[in-house]
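Tertiary structure, described
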Amino acid sequence: MTYFTEKVAVVTGAGSGIGRALALELVARGARVAICDVDSAGLAETEGLVRAAGGEVRADHLDVTERERLLAYAAEVAEHFGVVHQIYNNAGIAFTGDIEATDFKHLERVMDVDYWGVVNGTKAFLPHLIASGDGHVVNISSVFGIISVPTQGAYNAAKFAVRGFTEALSLEMAARGRPVKVTCVHPGGIKTNVARNAGQVDGLDHDGLATTFDRIARTSPARAAEVILDGVQKGRTRVLIGADARVIDLVARVAGPHYQRLVGRLAGKAGL
């Protein structure tokens, strides 16, 4: 028996990366899972891996920006399993480019997926989590929800918003006596395809950016999933993933807003 045994957990963005690793780690710890993604091929692969591991799984194609569909999906999952205990709002995208050169449509798209997708998932499943009597909301922010860096204005904005939204929800659930715990996750560099799938302003070297990210990303998705679920089991409100995330968090707490000077110098040396 584990903390997750027979719990019903929903994972968005489960077609690859951290989402896939979460689904597999959840079933390894005894949970039943509902997984969703806009990537049908990746989702099918994750479903197959979960079934091969002996897990109970429901898989649905889903765009987290489609609010009405997500609300209906939450009701469908609750009816299918009879209860929902946990939601992992993991789906996300990235975009690289100076704010000055980034079109409104790209800023809006990142916010729609990375922030509003989290809000939609949280709001859709929260009544079901409360009804379960033992709920947990897990929202994936980023180290870029702790500090800002050049060329990541869209991503920074969304991930800072996720952090603020999630921390407010945590305080509200505690203050109102709701049976729901809340965790905000801040991954550092994770070895996923997020950089290779990211958009960027014209003129940037996409392959070069992806290669650089691959070089500095040190934590595997599987390890990230383990750290997240360990934090969920312990009821932590904040989970940092990777040594880089812990260092960044320390710098932000010690230096306060002065961290920008350090980041600015490092960015200048890196040509960002």
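Residues numbered from 1 in each chain as written. Predicted model: local features only at pLDDT ≥ 70, side-chain atom pairs only at ≥ 80, totals over all residues. Heavy atoms only, no water.

The name an unreviewed UniProt entry gives the protein chain is SDR family NAD(P)-dependent oxidoreductase, with Aeromicrobium duanguangcaii as the organism.

Turning our eyes to something else, we now look at the side chain of His186. When you line up the elements, His186 lands in strand β7 (residues 180-187). Looking at His186, its side chain comes within polar contact range of the main-chain oxygen of Ser142, at 2.7 Å. In contact with His186, other than residues within four places in its own chain, are Ser141, Ser142, Val143, Gly145, Ile146, Arg163, Arg238, Val239, Leu240, Ile241 and Ala245. (Helix = DSSP H or I, 4+ residues; strand = E, 2+ residues; numbered from the N terminus. Polar contact = N/O pair within 3.5 Å; in protein donor to acceptor, adjacent residues only side chain to side chain. Contact = heavy atoms within 4.5 Å.)

Next up on the list: the sheet that holds strand β2 (residues 32-37). Read from one edge of the open sheet, 7 strands run β3-β2-β1-β4-β6-β7-β9, paired in parallel fashion. In this open sheet, the two strands that pair with only one neighbour each are β3 (57-61) and β9 (238-241). Shown here is a sheet whose adjacent strand axes are inclined to one another by a mean of 15°, direction ignored. The sheet contact formed by β7 and β9 spans 4 bridges and is parallel. Across the sheet, Val185 pairs through a bridge with Val239, a residue of β9. Its contacts with the sheet put helix α1 (residues 17-28) on β1 (8-12), β2, β4 (86-89) and β7, and the angle it makes with β1 is roughly 165°. This element, helix α5 (residues 153-175), spans β6 (135-140), β7 and β9 of the sheet and lies at about 155° to β7. (Pairing = 2+ DSSP bridges. Axes fitted to C-alpha atoms, helices over the stretch in contact; angles between N-to-C directions.)

Taken as a whole, this structure holds 14 salt bridges when the rule is applied. Put simply, Glu47 and Arg51 hold a salt bridge, and the shortest N to O gap is 3.0 Å. With Glu47 and Arg51 both in helix α2 (residues 40-52), this residue pair falls 4 residues apart, about one helical turn. Arg51 gets classed as partly exposed once you look at its relative accessible area, which sits at 46%. One salt-bridge network, held together by shared partners, links Arg163, Glu167, Arg238, Asp249 and Arg253. (Salt bridge = Lys/Arg side-chain N within 4 Å of Asp/Glu carboxyl O. Buried < 20%, exposed > 50% of the residue type's maximum accessible area, 1.4 Å probe, protein only.)

Once that is clear, we can look at the side chain of Lys7. Within the secondary structure layout, Lys7 lies in the segment before β1. The exposure class assigned to Lys7 is buried, which follows from its relative accessible area of 9%. Apart from the residues within four sequence positions on either side, Lys7 is in contact with Gly30, Ala31, Arg32, His85, Gln86 and Asp134.

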